[in-house]
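Chain and residue survey
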Amino acid sequence: MSDLDQRLHALEADLKTRGSVLVAFSGGADSAFLLAAATRALGSDHVAAATGYSHSLPIAERDPAAEFARSLGVRLITPQTHEMEREGYRANGTDRCFFCKAELLDTLVPLARDLGLAHVATGTNADDAIEGLNGLRPGIRAAAERGAITPLKDAGLTKAQIREASRRWDLPTWDKPAAACLSSRIAYGLEVTPRRLARVERAEQGVRSLLATHGHDAARVDLRVRDHGEKATVELSANLLPLDPDHADEVLRTVTDAGFPAAEIDPRGFRSGSMRRIEPVEMNQKAVK
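Residues numbered from 1 in each chain as written. Predicted model: local features only at pLDDT ≥ 70, side-chain atom pairs only at ≥ 80, totals over all residues. Heavy atoms only, no water.

So, on to the overall build of the protein chain. Tallying secondary structure elements over the protein chain gives eleven helices and seven strands in all. Whereas a compact globule of 289 residues would reach a radius of gyration of roughly 19 Å, the protein chain reaches 19 Å, a difference of no more than 12%. Seen along its three principal axes, the alpha-carbon backbone of the protein chain occupies a region of about 55 × 40 × 35 Å. The 289 residues of the protein chain split such that 52% are buried. Pairs at least 24 apart in sequence give 73% of the contacts found in the protein chain among residues at least 6 apart. Accessible area of the protein chain: about 13,400 Å², with a carbon and sulfur share of 50%. Positive and negative side-chain charges in the protein chain, numbering 38 and 41 respectively, have mean positions lying 2 Å apart. (Helix = DSSP H or I, 4+ residues; strand = E, 2+ residues; numbered from the N terminus. Rg over C-alpha atoms; globule rule 2.2 N^0.38 Å. Buried < 20%, exposed > 50% of the residue type's maximum accessible area, 1.4 Å probe, protein only. Contact = heavy atoms within 4.5 Å. Areas by Shrake-Rupley, 256 points an atom, 1.4 Å probe, with all protein chains shown as cover. Lys, Arg positive; Asp, Glu negative; His and termini not counted. Charge placed at Lys NZ, Arg CZ, Asp CG, Glu CD.)

What follows deals with the pairing of strand 5 (residues 223-227). Burial runs high along strand 5: five of the five residues are buried. Of the two faces of strand 5, both are covered, the one formed by Leu223, Val225 and Asp227 as well as the one formed by Arg224 and Arg226. Sheet topology note: the strand 5/strand 6 (residues 231-236) ladder contains five bridges and is antiparallel. Directly across from Asp227, in strand 6, lies its bridge partner Ala232. Between strand 5 and strand 6, which pair antiparallel and follow one another directly, the connecting turn spans three residues, one of which, Gly229, has a positive phi of 105 degrees. (Pairing = 2+ DSSP bridges.)

Turning to the packing of helix 5 (residues 96-115) against helix 7 (residues 138-145), a few remarks are in order. A pair of packed helices is captured by two measures, namely the crossing angle of their axes and the spacing between those axes. The geometry of helix 5 relative to helix 7 is characterised by a closest axis approach of 7 Å and an angle of 30 degrees between their N-to-C directions. The pairing of helix 5 with helix 7 is recorded here as roughly parallel in orientation. The crossing of helix 5 and helix 7 is right-handed. Contact residues: Cys97, Phe98, Lys101, Ala102 and Leu105 in helix 5; Pro138, Gly139, Arg141, Ala142, Ala143 and Glu145 in helix 7. (Axes fitted to C-alpha atoms, helices over the stretch in contact; angles between N-to-C directions. Parallel < 35°, antiparallel > 145°, perpendicular 65-115°, else oblique. Left-handed = near helix turned anticlockwise from the far one by under 90°.)

Let us now look at the packing of aromatic side chains. With the rule as written, the count across this model stands at three aromatic pairs. Seen from their ring centres, Phe98 and Phe99 are 5.5 Å apart, and the 80 degrees between their planes marks the pair as edge-to-face. For Phe98, a relative accessible area of 14% puts it in the buried group. In this arrangement the basic side chain of Arg40 is found over the ring face of Trp169, its NZ or CZ atom lying 3.8 Å from the centre. Its end group placed over the ring of Tyr53, Arg62 keeps NZ or CZ at 4.2 Å from the ring centre. (Phe/Tyr/Trp six-rings, centres within 6.5 Å; stacked < 30°, edge-to-face > 60°. Lys NZ or Arg CZ within 6 Å of the ring centre and 35° of its normal.)

With that settled, the discussion passes to the packing of helix 1 (residues 3-18) against helix 9 (residues 159-168). Interhelical geometry of helix 1 versus helix 9 gives an angle of 85 degrees and a closest axis separation of 11 Å. When the axes of helix 1 and helix 9 are compared, the pair comes out roughly perpendicular. Residues Asp3, Leu4, Asp5, Arg7 and Leu8 of helix 1 pack against Gln161, Glu164, Ala165 and Arg168 of helix 9. For the contact of helix 1 with helix 9, the per-class residue count stands at three nonpolar, one polar and five charged. (Nonpolar A, V, L, I, M, F, W, Y, C, P; charged D, E, K, R; others polar.)

With that out of the way, let us pick up unusual backbone geometry. The residue after Leu241, namely Pro242, is reached through a cis peptide bond having omega -5 degrees. Of note, Pro242 is situated in the loop between strand 6 and helix 11 (245-257). The phi angle at Asn92 is positive, at roughly 60 degrees, despite the residue not being glycine. Assignment of secondary structure puts Asn92 in the loop between helix 4 (87-91) and helix 5. A positive phi is found at Asp170, a non-glycine position, where the angle reads about 60 degrees. Residue placement: Asp170 occurs in the loop between helix 9 and helix 10 (194-213). For Asp170, a relative accessible area of 67% translates into the label exposed.

Right under this line is the structure:
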């Protein structure tokens, strides 16, 4: 039995002992795989998915997530979350994710109880847990403090293994680009506001639409528009770079049209968690002002 097969077996055994679960479902590859695994292990009558709706969840993520849950025959609940009311979230320090996850779990735990479901499960994987030990994922601590279970982590499943297992199971999320809430695009120390989140979302939607007109599979492109206050930096899948100069100009105009005073394309391409890295960026594609 391969290492992946052993871990999938451990995951199934763990889920079966849980009886019933409410999966915190963002629509990303990890939580989608967990939702599918829980449905396989427990049956759809003993599983539900919950997606917190707020300013930080891109609207474009909502319909695909709902369709995925429907394809599994799982009920989807979409409670409103109010992380913007938490001062620690708005302040946007390096612990912002703690307050976001606290709000989500404080919403989902009583919801699970009302639905008669035994546990709330998150899509935290083994790689996330290692980052958590290094202080990079404060949301893990918030979820643990509120009693959430982490079946993927407990089974030792890494991000790569989750994608491989998702591919085996023909899940449409197996190669979905990494996703994160919109607030992760805002530089630490800048206040998170609905206006900032909205202009990031407009900019990313506009760039994806533009890429599609140039023949790219926009849904499979890694893309972040990072908000540095008066300037945005655009991170794209490295295999798209450098852009044709005319296309680069179109991308930058799209971002400034969304409400940013200036924009630049990061020549290093998409880098997960780049906002955690404090380092100068020398741009080699011109800025639009």
